[in-house]
Amino acid sequence: MYALVDCNNFYVSCERAFQPRLEGLPVVVLSNNDGCVISRSAEAKALGIAMGAPMFQLRPLLEQHPVRVLSSNYALYGDMSRRVMAYLASAAPEVEIYSIDEAFLNLHGLARFFSPLAAYAQGLRAEVQRRTHIPTCIGVAPTKTLAKLANRLAKKYPSLDGVLVLDSPARIRRALAQVPVADVWGVGRQYAAKLQGLGLATAADLARCSDAWARQHLGGVVGARLVRELQGFPCHQLASSEDGTLARQSLAHTRTFGRPLSRLDDLRGAVAAFTSRAAEKLRAQGSVAHVLTVFISQNRFGPNPPPHTRSAQLTLPTGTSHTPELAGHAHAVLARLWQAGRTYTKAGVILDGFERPGPAQLHLFAPPAATPRLQAAALMQQLDRLNARYGAATVQLAAALPAKNQPAPPWQGQHQHRTPARTTSWDELWEIG
């Protein structure tokens, strides 16, 4: 059996954990630059606020109702996610962290010790709530796809008290009949329209299809596995590693600027900051990168004709996770992309071609490295330790710092309604009077 644990309205729940007065009130959390809605409380959903709704379109509604609007606080959300996942990893033999607010648990063999599984799942919910004040829903089923489906129903029907266990063929059939085919995990928008056109309206209709039909109409083996999972035959195992996650095959750090930028120095600062963050993530998973991509974007609604985004890719002589080296390459790529007289609204850095660090295959004609590799690795290790102890970006590249006459970097996003980073900054710790 597998369980899917999903945190309810996660970003809003993280804010409510430190602001109990928000309970029962309509709350929305906005994306970077306070652009659009990325999390809603149940009360906000009841008002008709849609996911992804632009903030400027919501202003009339906000004037009519007491909706609390908050800027995204990713430092807080990331730390709260780590706390939830750390507990789940201690409570189950195997965990796959599927997203910041979802995790699959492998419950195979636990039924003999924790019976019924519904009581075990309720215990998980209660302990996560006690430790973090984050409400969750849990779906339990023989396959990951059915667990995802059970979780959806557990959220939809309050009478289930946040837990649904599909442990018999009759319960599985009943659950499948209640879920539209478009809501099945793995069925995208195009396939949903296709299936509905073929007369398949629910997950139960899809589960009655044969393997041959699924291969023909649902993308071959992938579609056949989806149908088998709905029938109760597991085809997908947990993708877990030592810390419950898989090492990423690429890393990106992209941001829309708080205001448009036209000066090359400002763009260099943004690219340096983004490269530094991507390099930190790279070192955290113990990888080095061989490929670097930089892009810069203009306002696609502006007066300039397309293309509005320009990008360039560079294959590095040797794999590296050294921040100054990566930033130097990124600045060289940026110089090729930047055009004088243009105004840019977004930039990003993408790292690919990962491998484990080790003896490097050097380029035959490469000049000697300015900083020996062992010395560079030790320097980055100390950099990460300082930033982990004293806060992100405590020590950073000089190129990423704002000019002396600027209080904040010009590329920094807008966050007029952001709450303090309660758990990750000494200066913003929660105070109880």
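Residues numbered from 1 in each chain as written. Predicted model: local features only at pLDDT ≥ 70, side-chain atom pairs only at ≥ 80, totals over all residues. Heavy atoms only, no water.

In the nomenclature of an unreviewed UniProt entry, the chain is known as DNA polymerase V of Hymenobacter caeli. Per UniProt, the chain carries the Sequence similarities (unreviewed entry) text "Belongs to the DNA polymerase type-Y family." (UniProt positions renumbered as here; feature names shortened; annotations may be inferred.)

Engineer: An account of helix H14 (residues 373-390) is requested, with residue identities and associated values reported.
Structural biologist: Each α-helix turn comprises 3.6 residues. Residues three or four places apart therefore point the same way. Taking 1.5 Å per residue as the helical rise, H14 with its 18 residues ought to reach 26 Å, and the 26 Å between its terminal C-alpha atoms agrees with that figure. Inspection of H14 places Ala376, Met380, Leu383 and Asn387 among the buried residues, and these make up the whole buried set. Projected down its long axis, H14 shows its buried positions confined to an angular sector of 55°, all on one face. Projecting away from the buried face of H14 at angles above 90 degrees are the exposed residues Leu374, Ala388 and Arg389. (Helix = DSSP H or I, 4+ residues; strand = E, 2+ residues; numbered from the N terminus. Expected span 1.5 Å × (residues − 1). Buried < 20%, exposed > 50% of the residue type's maximum accessible area, 1.4 Å probe, protein only. Arc of directions from axis to C-beta.)

Engineer: An account of the sheet that holds strand E8 (residues 163-165) is requested, with residue identities and associated values reported.
Structural biologist: Strand order in this open sheet of 5 strands is E5-E6-E1-E7-E8, and the pairing throughout is mixed. Whereas interior strands pair on both sides, the edge strands pair on one side only; in this sheet they are strand E5 (94-99) and E8. Strand-to-strand, the axes of this sheet are offset by a mean angle of 15°, without reference to chain direction. The pairing of strand E1 (residues 2-7) with strand E7 (residues 136-141) spans 6 bridges and is classified as antiparallel. When the sheet's bridge partners are listed, Asp6 is paired in E7 with Cys137. (Pairing = 2+ DSSP bridges. Axes fitted to C-alpha atoms, helices over the stretch in contact; angles between N-to-C directions.)

Engineer: Give me the pairing of strand E3 (residues 37-40): which residues, what numbers.
Structural biologist: Two strands pair when backbone bridges link them, and strand E2 (residues 27-30) and E3 are joined in this way by 3 bridges, in the antiparallel orientation. From the neighbouring strand, Leu30 faces E3, where its bridge partner is Val37. Connecting E2 to the antiparallel partner E3 that follows it, the hairpin turn spans 6 residues, and Asn33 within it adopts a positive phi of roughly 65°.

Engineer: Now, about the nonpolar core: what can you tell me, with residues and values included?
Structural biologist: Phe10, Met80, Leu88, Leu105, Ile134, Ile138 and Val140 are the most contacted members of the largest nonpolar core, which has 36 residues in total. When contributions to this core are tallied by element, the ones reaching two or more residues are E1, helix H1 (10-18), E2, helix H4 (74-91), strand E6 (102-106), helix H5 (117-132), E7 and E8. With 7 residues, the top contributor of residues to this core is H4. Excluding residues within four positions of it along the chain, Met80 makes contact with Phe10, Cys14, Ala17, Phe18, Thr132 and Ile134. (Core = buried A, V, L, I, M, F, W, Y, C linked by side-chain atoms within 4.5 Å. Contact = heavy atoms within 4.5 Å.)

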